[in-house]
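# Secondary and tertiary structure notes
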Amino acid sequence: MRISQKLDYACRAMVQLAKRHDGKTLTRLDELAQREAVSSNFLVQILNDLKRDGLVDSRRGKAGGYLLGRSPVNISLLDVVNAVEPSMLAGTNGSEGESGNVVRLAWGSVLEQTRKELAKMDLRTLAERSAGPMFYI
C-alpha cells in the first residue's frame, strides 16, 4: 500500500499535537513544521483539512497555534485518513469479466480489515511510542 506524503505528514503532525495535548496548550505552525521536517506551507493546508473534520482546533494571532480538537485517545488513524485522504479506503467498482466480482469482494475484505486496524490505532498510543526511552549521561 502506498501512503501519500500528505497523509504521512498529517499523521506526523497529529502525533506531535498528541504529545503536547493538555486541552489548552497551542503549538505553533513553524514548530510543528520544524519538528517533522515538513514545509509549513503544505502543513497549513493539511491542518485545514484536519480542522474541517474537527480533529484540530486553531487560534489566530501572535500567540496562536494548533491543538487537538479532542482527546488523543479519541482520535484514530482512521479519523486522520478519512479527513485527509478519504479515497484511500474507497473500494473498487469493477465487476466486469468472469472474475471481476470475486476480485472486488476480495479487495473489499482487505479494505475492511485495514479500516478496522486503523480504527484501533489512537494518537495517544502513537505519541507514547514516539516518545521512546529517555537516556541520561
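Not measured: the values here are computed from a predicted model.

## Topic: the pairing of strand β2 (residues 65-68)
In terms of strand pairing, strand β1 (residues 56-59) meets β2 through four bridges, oriented antiparallel. When the sheet's bridge partners are listed, V56 is paired in β2 with L68. With antiparallel pairing between neighbouring strands as the criterion, β1 and β2 make up a hairpin whose turn holds five residues, including G61 at a positive phi of roughly 105°.

## Here's the deal with empty space enclosed by the protein
Across all of its chains, the model carries one cavity of 30 Å³ or more by this definition. Roughly 30 Å³ of volume is contained in the largest cavity. Along the walls of the largest cavity sit L17, R20, H21, T25, T27, Y66, L67 and L68, which together make up its complete lining. With three residues, the single largest contributor to the lining of the largest cavity is β2. For the lining of the largest cavity, the class distribution of residues is four nonpolar, three polar and one charged.

## So, the environment of S71
Inspection of the secondary structure assignment puts S71 in the loop between β2 and α4 (77-84). Judged by relative accessible area, which is 29%, S71 ranks as partly exposed. Considering only alpha carbons, one finds S71 and G108, 37 residues apart in sequence, at a separation of 31 Å.

## Remarks on unusual backbone geometry
With a phi close to 55°, A37 is a non-glycine residue in the positive phi region. For A37, the position within the fold is in the loop between α2 (29-36) and α3 (40-52).

## What about the nonpolar core?
Counting 33 residues, the largest nonpolar core has M14, L50, V80 and L123 as its most contacted members. Of all elements in the fold, only α1 (5-19), α2, α3, β2, α4, α5 (100-120) and α6 (123-131) reach the threshold of two or more residues within this core. Counting residues per element, this core draws most heavily on α1, which supplies nine residues. With residues up to four places along the chain from it excluded, the contact list for L50 reads A10, M14, L55, V56, V80, A83 and V84.

## Notes on the layout of surface pockets
Empty space within the largest pocket amounts to approximately 210 Å³. In terms of lining, the largest pocket is formed by 13 residues, of which the most central are S58, R59, R60, G65 and Y66. Those elements giving two or more residues to the lining of the largest pocket turn out to be α3, β1 and β2. Counting residues per element, the lining of the largest pocket draws most heavily on α3, at three residues.

Procedures and definitions
- Residues numbered from 1 in each chain as written.
- Predicted model: local features only at pLDDT ≥ 70, side-chain atom pairs only at ≥ 80, totals over all residues.
- Heavy atoms only, no water.
- Pairing = 2+ DSSP bridges.
- Helix = DSSP H or I, 4+ residues; strand = E, 2+ residues; numbered from the N terminus.
- 1 Å grid on protein atoms, 1.4 Å probe; cavity = no way out; pocket = protein on both sides within 12 Å on 5 of 7 lines; lining within 4 Å.
- Points joined across faces, edges and corners; volume = space filled by probe spheres on them.
- Nonpolar A, V, L, I, M, F, W, Y, C, P; charged D, E, K, R; others polar.
- Buried < 20%, exposed > 50% of the residue type's maximum accessible area, 1.4 Å probe, protein only.
- Core = buried A, V, L, I, M, F, W, Y, C linked by side-chain atoms within 4.5 Å.
- Contact = heavy atoms within 4.5 Å.

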